[in-house]
Every structure is written in C-alpha cells, then in structure tokens.
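# Summary of the model geometry
Read off the chains here:
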Amino acid sequence: MKKPISKLKKELDKWFSLFIRLRFATKEGACQCFTCSKVAHYKKMQCGHFQSRRHHATRWDETNCQVQCVKCNMFEQGEQFKFGLRLDNKFGEGTAKELEFLSNQITKVSRSDYEEKISYYKDAVNKLKKEKGIE
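None of these values were measured; they are calculated from a predicted model. (Residues numbered from 1 in each chain as written. Predicted model: local features only at pLDDT ≥ 70, side-chain atom pairs only at ≥ 80, totals over all residues. Heavy atoms only, no water.)

### Comments concerning the packing of helix H1 (residues 5-22) against helix H6 (residues 111-132)
The test is simple: Interaxial angles span 0 to 180 degrees and are taken between N-to-C directions of axes, which are lines fitted to C-alpha atoms, for helices over the stretch in contact. Only DSSP runs of H or I with at least four residues qualify as helices, and only runs of E with at least two residues qualify as strands; both kinds are numbered from the N terminus onward. Should an angle fall under 35 degrees it is called roughly parallel, over 145 degrees roughly antiparallel, and 65 to 115 degrees roughly perpendicular, with every other angle called oblique. Crossings are sorted by hand: turned counterclockwise from the far helix by less than a right angle, the near helix makes the crossing left-handed, and turned clockwise it makes it right-handed. Any pair of residues with heavy atoms lying within 4.5 Å of one another is described as a contacting pair. Amino acids outside the nonpolar list (Ala, Val, Leu, Ile, Met, Phe, Trp, Tyr, Cys, Pro) and the charged list (Asp, Glu, Lys, Arg) are all regarded as polar, and Gly is one of them.
Contact pair H1 / H6: the axes reach a minimum separation of 8 Å and the direction vectors enclose 30°. By the angle between their axes, H1 is roughly parallel relative to H6. For the pair H1 and H6, the sense of crossing is left-handed. Facing Ile5, Leu8, Lys9, Glu11, Leu12, Trp15, Phe16, Leu18, Phe19 and Leu22 of H1, the residues of H6 in contact are Arg111, Tyr114, Glu115, Lys117, Ile118, Tyr121, Lys122, Ala124, Val125, Leu128, Lys129 and Lys132. Partitioned by chemical class, the residues of the contact of H1 with H6 number 14 nonpolar, no polar and eight charged.

Okay, here's the thing in structure tokens:
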C-alpha cells in the first residue's frame, strides 16, 4: 500500500531537517545557530525557516532553511528580521526578498517529488554522517 502524502511530507521534513543541521556541523556534531550564533549539538538544534513552512515553494529550500537554536526558532518566532539580514549577508543582497517572492508561488508537490526528495536527502544525510564520522 502506498504511503499517504501526509506521511511522505513528514518523512521528507525529517530527512531535510537532518541535512540542514548536519551540513555545517563539525566532526563532533556541533553546529551554530544562524541567528544568535549559539553552538550546540545538531540533535539539539532545529531547522529554521526564513519563510514559513506553510509555503511549499520554499519549505525545502536549502537557502530558506538554516540551523537555529530552539530559543530563536520557537520562542523568538524564527527571528525573521535577523534571519533576513544574515541571508543577505551570506548569500548576497536581495536573497531575503527573492525568498519572500518565491514563497508566494503556488507549488504542487507530487508523490514522485516527495519520493525523489526523500531519497536524495536520506542519501545526503548518510553521506554527511559518514564523512564527518558522527551519529
């Protein structure tokens, strides 16, 4: 039986979040919050979204998503202003504006899109863990 789309979305979120948190992690598994610079183990950090997760066009965008600590992501509503400034600083002026524009595009994610992205991020996560020697 095929998995429902809701389950595929949840699975993609899981692998994508792991990828975002692992891509800049040290060999010890430490990574830095994009908005406040706090350093913690990737398992204690979160995948923060500049443009809300409700926008499918940017939900799994590797620029829109950065590592955030729980405080910034949950209790400070993602620190969106700081997040935008840091995006422009890191990726070039206008990046935040571009992501805002992109987020408002209507995007239909198909079953095969989900399956392909799950496979891609699952492989990427396993590769990063192996390269860095972390669990």
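Picking up after the structure, the text goes on.
### Some points on the nonpolar core
For clarity, the threshold we go by: Among buried residues, the Ala, Val, Leu, Ile, Met, Phe, Trp, Tyr and Cys ones that are joined through side-chain atoms within 4.5 Å form a nonpolar core. Partly exposed residues are those whose accessible area sits between 20% and 50% of the maximum for their type, while under 20% is buried and over 50% is exposed, using a 1.4 Å probe and protein chains only.
In this structure, Phe16, Phe19, Ile20 and Met45 are the most contacted members of the largest nonpolar core, which totals 28 residues. Top contributing element to this core by residue count: H1, with eight residues. Once you skip the residues sitting within four places of it in the chain, Ile20 turns out to touch Cys47, Glu62, Cys65, Gln66 and Val67. With six residues, the next largest nonpolar core counts Phe34, Phe50, Leu87 and Leu99 among its residues.

### Concerning H6
This is how it is decided: Every helix has an expected span of 1.5 Å times one less than the residues it contains.
Here H6 contains 22 residues, and its C-alpha end-to-end distance of 32 Å stays within 8% of the 32 Å for a straight helix at 1.5 Å per residue. For H6, the secondary structure elements touched by its buried residues are H1 and helix H2 (56-59). Gly133 sits one or two positions beyond H6 and adopts a positive phi of about 65°.

### Regarding the packing of helix H4 (residues 80-91) against helix H5 (residues 95-103)
One can describe the packing of H4 onto H5 by two numbers: an axis separation of 7 Å at closest approach and a directional angle of 115°. One way to sum up the angle between H4 and H5 is to call them roughly perpendicular. From H4, Gly84, Leu87, Asp88 and Phe91 reach across to H5, where they touch Thr95, Ala96 and Leu99.

### Considerations on unusual backbone geometry
Working note: non-glycine residues mostly have negative phi, and peptide bonds are mostly trans. The backbone of Ser37 shows a phi angle near 70°, a positive value even though the residue is not glycine. One can find Ser37 in the loop between strand S1 (30-32) and strand S2 (39-41). Residue classification places Ser37 among the partly exposed positions, given a relative accessible area of 37%. Of note, Gln77 is a non-glycine position whose phi angle comes to about 50°, a positive value. Among the secondary structure elements, Gln77 is positioned in the loop between helix H3 (70-75) and H4.

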